[in-house]
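Residues per chain are reported as follows:
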Amino acid sequence: MSNVVTRFAPSPTGFMHVGSLRTALFAWLYARKHGGRFILRIEDTDKAREVEGSIPHIIESLKWLGIEWDEGVDKGGPHAPYLQSERLELYRSYAQKLLASGYAYPDPYSEAELEGFRKQADDEKRPFLFRNHRPSLIDAWDGTKPLRFKAPRIARYEWNDLVRGPLSAGEEAIDDFILIKSDGYPTYNFAHIVDDIEMEVTYIMRGEEFISSTPKFLSLYEALGITPPAIATLPVILGEAGTKKLGKRDGAKDILDYRADGYLPEAMMNFLALIGWNPGTEQEFFSKAELINAFELERIQISGGQFDEDKLLSVNQHWMRQLTDEDYISRGSLSAPDLEKLKKIVPMLKERAHTFNEAKEMLTGELSCVFSEPTLDPKELVAKEPQDRPGLTKQALETLLEALKSLPEGLSADEVKVALMPLADAEEAIGKGGRGAVLWPLRYALSGQVKSPDPFTLVSILGPEESIPRVQKAIEFL
RNA sequence: GGCCCUAUCGUCUAACGGCUAGGACGGCGCCCUUUCACGGCGUAAAUCGGGGUUCGAUUCCCCGUAGGGUCACCA
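Every chain begins its residue count from 1, and numbering advances along the sequence as written. Here the convention is simple: chains get letters from A, ligands get numbers from 1, in the order in which they are written. Residue-level local features of this predicted model are given only where pLDDT is at least 70; pairs of side-chain atoms are given and counted only at 80 or more, and the full residue set underlies all totals for whole chains, interfaces and linings. The basis for every side-chain value is the complete set of heavy atoms in the structure, and neither hydrogens nor water enter the calculation.

### A look at unusual backbone geometry
Part 1 of the argument: The omega torsion across Ala 80 and Pro 81 is -5 degrees, close enough to zero to call that bond cis.
Part 2 of the argument: Summarising the element assignment, Pro 81 is placed in the loop between strand E3 (71-72) and helix H3 (88-100).
Part 3 of the argument: Unusually for a residue other than glycine, Asp 74 sits at a positive phi of about 70 degrees.
Part 4 of the argument: Each helix corresponds to a stretch of at least 4 residues labelled H or I by DSSP, and each strand to a stretch of at least 2 residues labelled E; elements are numbered beginning at the N terminus. Inspection of the secondary structure assignment puts Asp 74 in the loop between E3 and H3.
Part 5 of the argument: Here Ser 333, not a glycine, exhibits a phi torsion of approximately 50 degrees, which is positive.
Part 6 of the argument: By the secondary structure assignment, Ser 333 is in the loop between helix H11 (325-331) and helix H12 (339-352).

And the structure:
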């Protein structure tokens, strides 16, 4: 059994977007690749920012994508509970430990006093550091004041990042941050470290916004006398504009909106994995199993990557095409007045649609002619009639009508083509554009659309039975 | 502003210090074709700038420049 333990630890402050999901994906991939464990922990230590319904939403998003966890909220496990708000006793006991060893002290200042210190530092154009204001007399901690960490070592910190290699920060990155807030909840800085220790997490994967605070975490581990886990910094995902980190405020979409828009989770996973990681080969499409197999920390990108919806569309189309026709209909929740005909046109949908929403639009739009008789515009019907051959359209349709009458049921599009194409070719031989003068009216008579599948396919799907009346109706216009 | 990080086609990216800097998405063109879509073929398109080190730099070092992150009783 491997000792790899990774986690995803979101705060329940709203929906999941592609940025947070990608972080979860990489942590999960790494655990799976190495036969380790993956934990889902919820960091709900800020009750003011908490958004109702976030936790089920997070769970649903992860499950949709196909990420499953070995321990976590909703599932339990050896380190339960997995909700930080239910672990307050644990944080308090760690706080007592730090207090006892002299690495914590209650913050004696009022908010106004603190504000004064900040302003003073600002006026003097130097960074504000709380550790410059450590009180000389340390009161007992009664829980009403915030508890601060007393950094054991004011020094330059250097560490190794699994993705970026050696990183470092000067001593101004070290400060006496708050461990326990005055409301009794721990801060993120404190709680996540306690939990990672208690849950035996061995690899931490997170976004680059945490690089600057890493020295703080390291000094806390130091005060606790514990070796920190390995850290891998993931590149950010940028919004379409390409400058800012993708976030909720700049229009990042809820991941479940992609589900609603008819994207496949396997496509989303494939696409997300390739932002900020690549296998070093020219392979572009990866199933879940292939991703797990190919995933390597060493091949994670350093610089941020932009989210390109066009590429997602193309990846999605690829995975939609991999589906069997039955799966295509069921996973796309496709419906139509005639199920048998729907089954027949799935290949056409696969050819055209990039998402299931597009497929649905086609069923009620350009492909609706398959299910119901179109209304015709006589002008469009003769759109391809050569100027010098008036009446050709009518003549062609009448010829086609006879041919259709002798056509057996159940022919494939190719077979229909073999039967009807010679009629078009005969006209083509007479004058140029003659083929179009025959096939366009046929296609239009059957579809009522300027853009549609070819007439042979339409005849094959509709059968002579439905095709004949449509052609007759068209002839009546002429 | 302090500290930190980053930099290859428009985008995602490949390239032990060594070929005409490769692929994918998108673009454009041609072919296929009655239309649309699909497909096939082709094409344009990049190493941020300046110095070093080296026989040789996209790659290593320094300086600029640009972008980003972070400096909370948020996570």
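Resuming the write-up.
### Side note on the sheet that holds strand E2 (residues 37-40)
Part 1 of the argument: Following DSSP output, two strands are said to pair if at least two bridges run between them. Read across the open sheet, the three strands follow the order E1-E2-E3; overall the sheet is parallel. Taken across any chain shown, the strands that pair with only one partner, and hence form the sheet edges, are strand E1 (5-8) and E3.
Part 2 of the argument: Both E1 and E2 contribute to a ladder of four bridges, which runs parallel. Note on E2: the bridge partner recorded for Phe 8 is Leu 40.
Part 3 of the argument: Any two residues whose heavy atoms approach within 4.5 Å are treated as being in contact. The angle between two axes is taken between their N-to-C directions and runs from 0 to 180 degrees, where each axis is a line fitted to C-alpha atoms and a helix contributes only its stretch in contact. The sheet strands contacting helix H1 (residues 18-33) are E1 and E2, and the helix crosses E1 at an angle near 165 degrees.

### A word on helix H2 (residues 54-65)
Part 1 of the argument: Over its 12 residues, H2 runs 17 Å from end to end, which matches the ideal 16 Å to within 8%, given 1.5 Å per residue.
Part 2 of the argument: Whether a residue is buried, partly exposed or exposed follows from its accessible area with a 1.4 Å probe, protein chains only, as a fraction of its type maximum: under 20%, in between, or over 50%, in that order. All of the buried residues in H2 are Ser 54, His 57, Ile 58, Ile 59, Ser 61, Leu 62, Trp 64 and Leu 65. What a helix should span is 1.5 Å times the count of its residues minus one.

### Let's talk about the pairing of strand E10 (residues 230-234)
Part 1 of the argument: Among the five residues in E10, four count as buried, and that is most of the element.
Part 2 of the argument: Judged from the five bridges that link them, strand E9 (residues 203-207) and E10 form a sheet pairing that is parallel. Following the sheet pairing, Ile 204 is matched in E10 by Ile 231.
Part 3 of the argument: For a crossover, the right-handed case is the one in which the path from the first strand over the helix to the second runs clockwise, viewed with the strands pointing away from the viewer. Tracing the backbone out of E9, into helix H6 (residues 214-224) and back to the parallel element E10 gives a crossover that is right-handed.

### Let's talk about the domain arrangement of chain A
Part 1 of the argument: Throughout, the edges of the domains are those of an automatic or database domain assignment. What the domain assignment lists for chain A is domain 1 (5-74 + 192-238), domain 2 (98-180), domain 3 (325-370) and domain 4 (378-477).
Part 2 of the argument: Centre-to-centre separation of domain 1 and domain 2, based on C-alpha positions: 24 Å.
Part 3 of the argument: Contacts between the two partners involve 17 residues from domain 1 and, on the opposite side, 19 residues from domain 2.
Part 4 of the argument: A side-chain nitrogen of Lys or Arg and a carboxyl oxygen of Asp or Glu constitute a salt bridge if their distance falls within 4 Å. The interface formed by domain 1 and domain 2 contains two salt bridges.
Part 5 of the argument: The partner of Glu 208 in a salt bridge is Arg 164, with the nearest N and O atoms 2.9 Å apart.
Part 6 of the argument: Pairs of N or O atoms are called polar contacts if they sit within 3.5 Å, as long as, within protein, a hydrogen donor faces a hydrogen acceptor (for residues adjacent in sequence, only side-chain-to-side-chain pairs). For the interface between domain 1 and domain 2, the tally reads five residue pairs in polar contact (both at pLDDT 80 or more).

### Focus: the confidence of the model for chain A
Part 1 of the argument: On a range of 0 to 100, pLDDT expresses the predictor's confidence in each residue. Per-residue confidence for chain A averages 93 on the pLDDT scale, and 97% of its residues sit at or above 70.
Part 2 of the argument: Interface confidence for the predicted complex, expressed as ipTM, amounts to 0.94; the pTM equals 0.93.

### Observations regarding the packing of aromatic side chains
Part 1 of the argument: Aromatic pairing here means that ring centres of Phe, Tyr or Trp (its six-membered ring) are within 6.5 Å. Orientation follows from the plane angle: under 30 degrees is stacked, over 60 is edge-to-face, and everything else is tilted. If you walk through the whole model with that rule in mind, you get 14 aromatic pairs.
Part 2 of the argument: With a centroid separation of 6.2 Å and an interplanar angle of 75 degrees, the aromatic rings of Tyr 188 and Phe 217 are classed as edge-to-face. With a gap of 29 residues between them, Tyr 188 in helix H5 (residues 188-198) and Phe 217 in helix H6 connect regions that are remote in the sequence.
Part 3 of the argument: Relative to Phe 307, the ring of Phe 271 has its centre 5.2 Å away and its plane inclined at 85 degrees; by these criteria the two rings are edge-to-face. Of this pair, Phe 271 sits in helix H8 (residues 265-273) while Phe 307 sits in the loop between strand E12 (305-306) and helix H10 (309-322), placing them 36 residues apart in sequence.

### With respect to the nonpolar core
Part 1 of the argument: Residues grouped as a nonpolar core are buried Ala, Val, Leu, Ile, Met, Phe, Trp, Tyr and Cys residues, joined through side-chain atoms within 4.5 Å. Leu 25, Leu 62, Leu 179, Phe 190 and Met 268 are the most contacted members of the largest nonpolar core, which totals 90 residues.
Part 2 of the argument: Domain assignment of the residues forming this core places at least three in each of domain 1 (5-74 + 192-238) and domain 2 (98-180).
Part 3 of the argument: Among residues more than four places away in sequence, those in contact with Leu 179 are Leu 98, Ala 104, Leu 147, Arg 148, Phe 149, Tyr 185, Pro 186, Thr 187, Phe 190 and Leu 220.
Part 4 of the argument: Within the second largest apolar cluster, 53 residues are counted, among which are Ile 345, Ala 403, Leu 442 and Leu 462.

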